[in-house]
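# Breakdown of the fold
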Amino acid sequence: MERLRVLGVGAHPDDLEISCGGTLAKYVELDHEVSMAYVTNGDMGHFVIQPKELAEIRREEAKRATEIIGAKFLWLGLPDEWVFHDKRTREMVIDAIREAKADVIITHDPQDYHPDHVAVSDLVFAASFLASLPHVVTEHGYVARVPEIYSMDTYAGVGFLPDEYVDISSVMETKMKALSQHESQVKWLRDHDKIDILDTVRTIARFRGIQAGVAYAEGFKKMRRRPGTTHRRLLP
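Residues numbered from 1 in each chain as written. Predicted model: local features only at pLDDT ≥ 70, side-chain atom pairs only at ≥ 80, totals over all residues. Heavy atoms only, no water.

Attention shifts here to the pairing of strand 3 (residues 72-78). Here strand 2 (residues 33-40) pairs with strand 3 via five bridges, running parallel. When the sheet's bridge partners are listed, Met-36 is paired in strand 3 with Phe-73. With respect to chirality, the unit in which strand 2 leads through helix 2 (residues 51-69) into the neighbouring parallel strand 3 is right-handed. (Pairing = 2+ DSSP bridges. Helix = DSSP H or I, 4+ residues; strand = E, 2+ residues; numbered from the N terminus. Right-handed = clockwise from strand over helix to strand, strands pointing away.)

So, about the packing of aromatic side chains. Within this structure, the stated rule accounts for five aromatic pairs. Taking the centre distance of 6.3 Å and the plane angle of 45° together, the rings of Trp-82 and Phe-84 count as tilted. Assessed through its relative accessible area of 56%, Trp-82 is described here as exposed. Here the aromatic cluster, defined as three or more aromatic residues joined through ring pairs, consists of Tyr-38, Phe-73 and Trp-75. (Phe/Tyr/Trp six-rings, centres within 6.5 Å; stacked < 30°, edge-to-face > 60°. Buried < 20%, exposed > 50% of the residue type's maximum accessible area, 1.4 Å probe, protein only.)

Attention now goes to the sheet that holds strand 3. Judged by pairing direction, the sheet is mixed, and its seven strands sit side by side in the order 3-2-1-4-5-7-6 without closing on themselves. Looking at the sheet topology across the chains shown, the edges are occupied by strand 3 and strand 6 (164-167). Each strand of the sheet is rotated relative to its neighbour by a mean of 25°, with strand direction disregarded. In this structure, strand 1 (residues 5-10) lies alongside strand 4 (residues 104-107), joined through three bridges in parallel fashion. The residue of strand 4 that forms the bridge with Leu-7 is Ile-105. (Axes fitted to C-alpha atoms, helices over the stretch in contact; angles between N-to-C directions.)

Attention now moves to the nonpolar core. Of all hydrophobic cores here, the largest spans 37 residues; its most connected members are Leu-24, Tyr-27, Met-36, Ile-106 and Phe-220. Looking at this core, the elements that each hand over two or more residues are helix 1 (15-29), strand 2, helix 2, strand 4, strand 5 (148-152), helix 5 (172-180), helix 6 (183-193) and helix 7 (197-212). Dropping the residues within four chain positions of it, Tyr-27 is found in contact with Leu-4, Val-6, His-32, Val-34, Val-104, Ile-106, Leu-234, Leu-235 and Pro-236. (Core = buried A, V, L, I, M, F, W, Y, C linked by side-chain atoms within 4.5 Å. Contact = heavy atoms within 4.5 Å.)

This part takes up the pairing of strand 6. Two faces make up the sheet, and in a regular strand the side chains alternate between them. Alternating positions in strand 6 separate cleanly, Glu-164 and Val-166 being buried on one face and Tyr-165 and Asp-167 remaining unburied on the opposite face. Relative to strand 7 (residues 217-222), strand 6 runs antiparallel, the two sharing four bridges. Pairing of Val-166 across the sheet is with Glu-218, part of strand 7.

Let's shift gears to helix 6. Among the residues of helix 6, those classed as buried are Ser-184, Gln-185, Val-186, Trp-188 and Leu-189. Residues of helix 6 that are buried sit in contact with helix 2, helix 5 and helix 7. One or two residues past the end of helix 6 sits Lys-194, with phi positive at roughly 60°.

For the rest of this paragraph, the subject is the side chain of Asp-153. Inspection of the secondary structure assignment puts Asp-153 in the loop between strand 5 and strand 6. Excluding its chain neighbours within four sequence positions, the residues that come into contact with Asp-153 are Ser-19, Phe-160, Ile-204, Arg-208 and Gly-219.

Under the counting rule described, the total for this entry stands at 14 salt bridges. Where Asp-109 meets Lys-221, a salt bridge forms, and the shortest distance between an N and an O atom there is 3.6 Å. Within this pair, whereas Asp-109 is found in the loop between strand 4 and helix 4 (115-130), its partner Lys-221 is found in strand 7, the two being separated by 112 residues in sequence. Here Arg-202 and Glu-173 are joined by a salt bridge, their closest N and O atoms 3.1 Å apart. Within this pair, whereas Arg-202 is found in helix 7, its partner Glu-173 is found in helix 5, the two being separated by 29 residues in sequence. Accessibility expressed as a relative area gives 28% for Arg-202, which makes it partly exposed. If you follow the salt bridges from partner to partner, you end up with Glu-2, Arg-5, Asp-103 and Arg-145 in one network. (Salt bridge = Lys/Arg side-chain N within 4 Å of Asp/Glu carboxyl O.)

Glancing now at the environment of Glu-33. Secondary-structure assignment places Glu-33 in strand 2. As a C-alpha pair, Glu-33 and Pro-236 span 203 residues in sequence and 12 Å in three-dimensional space. If near-sequence neighbours (up to four positions away) are discounted, Glu-33 is found in contact with Arg-3, Leu-4, Arg-5 and Val-6.

Structure (structure tokens):
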């Protein structure tokens, strides 16, 4: 496989680490170039810390996570829980794709449970094509070809049947270490939703691993809504 430029696009800080952090780390392990874009600042997820302060905390947590994975850090910084598919937001996603010079994008499934996830999935699909158009002007120049897109697993795999799997056994601890950087979210999920996200993520990876016949895996579906989508495997 040629050296790829890979972009993960997650709605919230920690979404990428939860659902495709192992695969992004695997790409890095295989010497591909990886960027991680966080669309919102995650400023709603806490009982005590106020939004402005929380946004800064979550930005630093996400930055540490990307460093552990070995990826480039891209921060769009939109308000948490208020992602809409409008012109300004679409332009921001187009520019992120261009900045990463993405050949491959991993993002949320169109049928995911959270409105921000669904909006980001739709934004990425639209922006992936527009990023290749010279007359659509953003800060960074247009990409030479339309990137291929993969949907990452939904939370707990609800309603998601993977087409492809990535063996993340060799990078499982890297994935968990990156996710652990999101300390404020780990605490929020425990307090608000009664979820141990670290245990949950390891369990899901083991379950996908059983399906794939390996110790740990992540599952994906290729978005094939656009004619001309290649059938070659671009996952590591």
